[in-house]
2 protein chains.
Amino acid sequence: MTTATAERTVDVFLGGRMEAVQPAKAHHRSGLEALLLSAAISPDFAGTVIDLGAGAGVAGMAIAMRCSGARVTLVERDAEAIACAREALARSVNAAFSARVSIVAADVVMPEAERVQAGIAREAADVVVMNPPFRDAGAGSASPSAARHAAHVLDGGVEPWIRSAASALKPGGRLVVIYRADGLPEVLAALAGRFGDVAVLPVHPRAGRSALRILVAATKGSRGEMRLLPGLTLHEPSGSAYLPEVERVLRGGASIAEVHPAWRGIA
Amino acid sequence: MTTATAERTVDVFLGGRMEAVQPAKAHHRSGLEALLLSAAISPDFAGTVIDLGAGAGVAGMAIAMRCSGARVTLVERDAEAIACAREALARSVNAAFSARVSIVAADVVMPEAERVQAGIAREAADVVVMNPPFRDAGAGSASPSAARHAAHVLDGGVEPWIRSAASALKPGGRLVVIYRADGLPEVLAALAGRFGDVAVLPVHPRAGRSALRILVAATKGSRGEMRLLPGLTLHEPSGSAYLPEVERVLRGGASIAEVHPAWRGIA
């Protein structure tokens, strides 16, 4: 499964409490979105989490690190990404949580029977998280490699991903998605009829700017109404520095609810 | 058309520059939503505006007052609401704009042929605004009168309203809707395939609280992506006072773009 010649890097996250191994080139590299997704889960959470399309496992491992009661399954189809995740789980700094992380080699969008066969049981997970591949509008269609392209573009859109999440979740289980903001209509349409009690958190690059990302939480089978939460802003008004409360999430290991009270009780 | 015995009130808006006549009881009374809707339109706008489901005409008249180049058609089915609008247009304080406001008695959701017959031409309007009736979640189903009930509840949802707007707008024309925030999935679904370049402005009662209203603008026939704008907050952290910038909109006659730069260029 591993490619011995692949160039990989070790990236340090959460102030050194977690290390990820990622291909140095060619693949989509995880970072901000995966960390925000992991910080969306309350540190008090205890139960099973599936990270659908986990890539090198940054979000799922960060959840295992942040939530001592979480057992996490990384679901990924790409062999090199899986090899990176395995290498990361073997690193000593990750020993505090690696026993609670497992890997399933499967394509998120393959038929349910095949997913179950691969090890993703029906209606078994308490939480599903996903950071589906996307390409930002305006980023162009050129991509330096097929793998990077595959990680950035969803051929069938987000709907098959949300369908897979609905299959894997217990009734009443919670889905948390991070996605590009202009995909909100697509996400809401895919949730309709399957999920309720939807909470949408706009993530703005700077105060006064349109959201570039959304964090969306939803409960399987609920009929509850949608809530549109006050947005989270990432950066100072100018420059590339994150706001102090965002630094607390990305480096300090704080949850989003700790720094953004509107998210309390959401996931 | 008028009910001579009806008790009506004269309500002063926009710091005294506009007066509306509304039934004292029984009907839905316009206010905040209608004024925000009117303030969503740039004062520079020149062209034709249709206010679908105009009620007593607060939003449409406020647009005529704010935008000296706007010609406004109020579309309303309720005879008493129409009578109120006519009475308002005859009041002297409204003389500055009343010649640019006309009334069409029609049901927003009747078949297109009947709407055209009533005077709503196909593909003729530059802008359509609407504040469709809604009842806030949790407000209960009891309603003191049938008229109030009819004004607050949309039997067929917002989709037939958006379909009518698409019919009435020129290609490239702009729709602006104010609606309850938890109706965002329904609004986005109804816009899909008909409108693009959608801008969503969450309207929060207070900082840190979920949005209760959304202002949504969209362009007929566009393929542009959705934008999720930074939210507009109405009230001080405690108490019932509006924030100074919101007072400027509600009493001072400022447009939303003037006090909330994220809305600039939107409508």
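Preceding block: the structure.
Residues numbered from 1 in each chain as written. Chains lettered and ligands numbered in written order. Predicted model: local features only at pLDDT ≥ 70, side-chain atom pairs only at ≥ 80, totals over all residues. Heavy atoms only, no water.

S.K.: Is there a simple way to think about the pairing of strand β9 (residues 213-220) of chain B in this case?
M.R.: The side chains of a regular strand alternate between both faces of the sheet. Residue and element names in this part refer to chain B. Most of β9 sits out of view: eight of its eight residues are buried. Sheet topology note: the strand β7 (residues 169-180)/β9 ladder contains seven bridges and is antiparallel. Its bridge partner being in β9, Leu175 is matched across the sheet by Ala218. The pairing of strand β8 (residues 195-204) with β9 spans seven bridges and is classified as antiparallel. If you follow Val200 over to β9, its bridge partner there is Val216. (Buried < 20%, exposed > 50% of the residue type's maximum accessible area, 1.4 Å probe, protein only. Helix = DSSP H or I, 4+ residues; strand = E, 2+ residues; numbered from the N terminus. Pairing = 2+ DSSP bridges.)

S.K.: Hey, could you run me through the pattern of salt bridges in this one?
M.R.: Side chains that carry opposite charge are capable of pairing whenever their charged atoms lie near each other. Residue and element names in this part refer to chain A. Applying the stated criterion across every chain yields a total of 30 salt bridges over all chains. Across the pair Arg251 and Glu247 runs a salt bridge, and its minimum N-O distance is 2.9 Å. The partly exposed category is assigned to Glu247, whose relative accessible area is 24%. (Salt bridge = Lys/Arg side-chain N within 4 Å of Asp/Glu carboxyl O.)

S.K.: Would you mind going over the interface of chain A and chain B with me for this structure?
M.R.: When the parts of a complex come together, some accessible area is lost, and that lost area is often taken as the interface size. Across the contact, 20 residues belong to chain A and 20 residues belong to chain B. Across the chain A to chain B interface the summed buried area is about 1600 Å²; carbon plus sulfur atoms make up 71%. For the interface between chain A and chain B, the tally reads zero salt bridges. Taken together, the links from chain A to chain B amount to two residue pairs in polar contact (both at pLDDT 80 or more). Counting only elements with at least two residues in the side of chain A that touches chain B, the list comes to α7 (184-191), β8 (195-204) and β10 (227-228) of chain A. Looking at which element gives the most residues to the side of chain A that touches chain B, the answer is α7(A), with three residues. Residues that form the side of chain A that touches chain B fall into these classes: 13 nonpolar, three polar and four charged. (Contact = heavy atoms within 4.5 Å. Buried area = accessible area lost by both parts, 1.4 Å probe. Polar contact = N/O pair within 3.5 Å; in protein donor to acceptor, adjacent residues only side chain to side chain. Nonpolar A, V, L, I, M, F, W, Y, C, P; charged D, E, K, R; others polar.)

S.K.: Even after reading the chapter, I still don't get the relation of the copies chain A and chain B, so can you show me in this structure?
M.R.: Two copies of the chain are present, and they differ by a rotation about an axis and a shift along that axis. Least-squares fitting of chain A to chain B yields an RMSD of 0.0 Å, with the transformation described by 0.0 Å of translation along the axis and a rotation of 180°. Classification of the inter-copy transformation places it as that of a two-fold axis. Both copies share a contact surface, since 100% of the interface residues of chain A are interface residues in chain B too. (Least-squares fit on C-alpha atoms with pLDDT ≥ 70 in both.)

S.K.: Would you explain the nonpolar core in this entry?
M.R.: A general feature of soluble globular proteins is that nonpolar side chains tend to end up buried together. Counting residues in each nonpolar core, the largest one holds 74 residues, and the members touching the most others are A:Val128, A:Leu175, B:Val128 and B:Leu175. By size, the runner-up hydrophobic cluster in this structure holds 57 residues, among which are A:Ala70, A:Cys84, A:Val101 and A:Val259. (Core = buried A, V, L, I, M, F, W, Y, C linked by side-chain atoms within 4.5 Å.)

S.K.: Please explain α7(A) as it appears in this structure.
M.R.: Each full turn of the α-helix corresponds to 3.6 residues, which orients residues three or four apart in the same direction. Within α7(A), the full set of buried residues consists of A:Leu184, A:Val187, A:Leu188, A:Ala190 and A:Leu191. Each buried residue of α7(A) lies within a common arc of 165° when the element is viewed along its axis, so the set occupies one face. In this fold, the buried residues of α7(A) make contact with α6 (159-168), β7 (169-180), β8 and β9 (213-220) of chain A together with α7 (184-191) and β10 (227-228) of chain B. In the stretch just after α7(A), A:Gly193 is the one whose phi turns positive, near 85°. (Arc of directions from axis to C-beta.)

Worth remembering: the numbers are spatial, not functional.
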